[in-house]
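Letter by letter, the chains look like this.
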Amino acid sequence: MTTNRTHQTPNTRRTHRTSRGIRAAVAACAAVALAATLTAPAFADARPAAVTAHQGRGDLIRVEPVAELSKAQVAAFLAQAEIGDETVRHGVRAYRLTYRTIDTAGRPTTATGLLTLPVGGERRLDLVSDTHGTMVHRDYAPSVAEDFGKLPSYLHASAGRAVAAPDYLGLGKGPGTHPYMDTRSAVTASLDMLHAARSAAQRLHRPLTGDVYATGFSQGGQVAMALGRELSTGQARGFRLRALAPVAGPYDLTGEEVPALYDGRVNDISGLFYVSYFLVAQNRLHPIYTDPSEAFRAPYDERVETLFDGEHHEEDVVAQLPGNVKELLTPAFYERLRHPDGALLTALKSQDDSCDWKPQVPVRLYASAGDTDVPIGNARSCAADLADHGVRASVLDQGAVDHFGSFKKGGPKAVEWFDRLAR
């Protein structure tokens, strides 16, 4: 998701926290960056595709090869993230897809995403939908990134399945700014990515079976559950949901995530980053505040909105903000966030129903007790929502590991579980 550059600030403690603290992934993902030799493309049959004739959602506009790794190179890529190679059976080829979708107002737009295919194996492939976590710079998105953004795709594709990883709106090569934590648009972009992936896989002579295994990390875990609900309605023609295995998703903002900001379960830097990003992005969709000074203290009120334009890195954002949420927000808005109302409450609660439905497929919720970005209570809330619909979903605690650690441990287990279900 980011690099391991450590920016220089007067506050040494804050610099250290920044290098390892914006989600645990911001630090841990740094170790995943590969040398250019591992991602040099080597394609013989994947020239960019022409624009499709139709204008519908999910229509494929362009296919661009972006990487090819051998089985050994995939294993090396995973090893740099401290993930074993037990599930690695193939090399991978990755392609950036540009496709048609809709924006937050339902208007036509475009988005990009990463399609990753195994080298060898079955000709017809099951599909993994992998939805990514919080990303502020557009180049962190799966179809563009050279580090963490591609890690889940390579993990799953090397096991023998195709992987569709949407960049979401406003990230990767898509236009506009990213509507962070807008579940509805994340789902439409993810669903349309599945259709684009099907068209691209057909062109690349690796047709899809239609079976979909949904997973995602952090923000993407919540999106995976909401996408699963959409797939379960049967309106996504040609796709059959087979299983749900989200990792460390923020499924309960009002009941778990926001209270955790105030009782210490979420660390200061992560809380600062999530809250500022959420408020700026959601205010573009809802009238949470009319002027930044209503929500943010000076001097941050004059800079915070420009920091979330898709062109700033996490290090840059945090370096220009204070040390915690209380120092960022005005006293009145700090209390309003503690007891949300009006448009703020609407923005929060509109993200909280991703588990409020009845899946007809098996569900596993991976999380960790040591997570101080997305506390494990989120997974327990999701399980409780599912239980209200008569669905038993296991919360699989990965132990005393941080946020990214929940993926390092849970991600490979999801691959192995998908393997067993596919048999």
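Residues numbered from 1 in each chain as written. Predicted model: local features only at pLDDT ≥ 70, side-chain atom pairs only at ≥ 80, totals over all residues. Heavy atoms only, no water.

Caption draft 1: The arrangement of the overall build of the protein chain in detail. Tallying secondary structure elements over the protein chain gives 17 helices and nine strands in all. Considering the protein chain as a whole, with its 423 residues, one finds that 62% of them fall into the buried category. Considering only residue pairs separated by 6 or more positions, the protein chain has 80% of its internal contacts joining residues 24 or more positions apart. Carbon and sulfur atoms form 48% of the exposed surface of the protein chain, whose accessible area is close to 15900 Å². (Helix = DSSP H or I, 4+ residues; strand = E, 2+ residues; numbered from the N terminus. Buried < 20%, exposed > 50% of the residue type's maximum accessible area, 1.4 Å probe, protein only. Contact = heavy atoms within 4.5 Å. Areas by Shrake-Rupley, 256 points an atom, 1.4 Å probe, with all protein chains shown as cover.)

Caption draft 2: Fine view of empty space enclosed by the protein. Here the structure, examined in full by the defined rule, presents four cavities of 30 Å³ or more. Of the voids in this model, the largest cavity is the one considered here, and its volume is about 240 Å³. Around the largest cavity sit 18 residues that line it, and Y180, L253, E257, Y274 and F278 are the ones nearest its centre. Looking at the lining of the largest cavity, the elements with two or more residues in it are helix 8 (253–263) and helix 9 (268–283). Here the lining of the largest cavity gets five residues from one element, more than from any other, and that element is helix 9. (1 Å grid on protein atoms, 1.4 Å probe; cavity = no way out; pocket = protein on both sides within 12 Å on 5 of 7 lines; lining within 4 Å. Points joined across faces, edges and corners; volume = space filled by probe spheres on them.)

Caption draft 3: Expanded view of unusual backbone geometry. The amide bond that connects A298 to the next residue, P299, takes the cis arrangement and shows omega of 5°. Within the chain, H205 stands out as a residue other than glycine whose phi angle is a positive 65°. Relative to the elements of secondary structure, H205 occurs in the loop between helix 6 (183–203) and strand 6 (208–217). Its identity as a non-glycine residue notwithstanding, S218 has a phi of 60°, on the positive side.

Caption draft 4: Fine view of the side chain of Q351. Counting through the fold element by element, Q351 comes out in the loop between helix 15 (342–349) and strand 8 (364–367). Assessed through its relative accessible area of 1%, Q351 is described here as buried. Among the polar contacts listed, one links the side chain of Q351 to the side chain of T183, at a separation of 2.6 Å. Engagement of the side chain of Q351 in a polar contact is seen with the side chain of S350, the distance being 2.7 Å. (Polar contact = N/O pair within 3.5 Å; in protein donor to acceptor, adjacent residues only side chain to side chain.)

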